[in-house]
Amino acid sequence: MTVTSVLAQATVRDLDRAERWYATLFGRAPDSRPMDGLIEWHLTADAGVQLWRDPERAGRSTTVLGVSDVDAAARDLAAAGVAHAGPEPGGGSRVVRLDDPDGNRVVLIGD
């Protein structure tokens, strides 16, 4: 098997509320609304993040995103009102752990 692309997916209760949080995280509105209850950001040509409205499963997802500058990302998110404990050591790199409004974990990883 050869994997050619990845779409991480987080399940949420309130898609509008989640969209606002992720739009702050990514610094822009979603790229696509392929169907009712689903929105997505295309982060690279081969990777993206989807939000799916599924109240019964909401809050059980984890997405790990590699970023070029963890410190800058942490500063920018804090300035935008996204709460976090700041960069910390993790897995041989540095990480910033975030929780969306439903409790889905988003981890930024980099140097």
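Note that this is a predicted model, so its numbers are computed, not measured.

Colleague: Got a sec to walk through the sheet that holds strand β1 (residues 6-12)? Specific residues and values, please.
Modeller: Taken together, the four strands give an open sheet; going across it, the order is β1-β4-β3-β2, and neighbouring strands pair in mixed fashion. In this open sheet, the two strands that pair with only one neighbour each are β1 and β2 (32-35). Within the sheet, the average angular offset between the axes of one strand and its neighbour, ignoring direction, is 25 degrees. As judged from the six bridges shared by strand β3 (residues 38-44) and strand β4 (residues 47-53), these two strands associate in the antiparallel manner. Following the sheet pairing, Trp41 is matched in β4 by Val49. Packing of helix α1 (residues 15-26) onto the sheet brings it into contact with β1, β2, β3 and β4, and relative to β3 it is tilted by some 10 degrees.

Colleague: Explain the pairing of β3 to me, using residue names and the numbers behind them.
Modeller: Pairing analysis gives two bridges linking β2 to β3, with the strands arranged antiparallel. In the strand pairing of β3, Met35 is matched with Leu38. Counting the residues in the hairpin turn of β2 and β3 gives two residues, including Gly37, whose phi is positive at 90 degrees. In sequence, β3 turns back onto β4 through a hairpin of two residues.

Parameters and conventions
Residues numbered from 1 in each chain as written. Predicted model: local features only at pLDDT ≥ 70, side-chain atom pairs only at ≥ 80, totals over all residues. Heavy atoms only, no water. Pairing = 2+ DSSP bridges. Helix = DSSP H or I, 4+ residues; strand = E, 2+ residues; numbered from the N terminus. Axes fitted to C-alpha atoms, helices over the stretch in contact; angles between N-to-C directions. Contact = heavy atoms within 4.5 Å.

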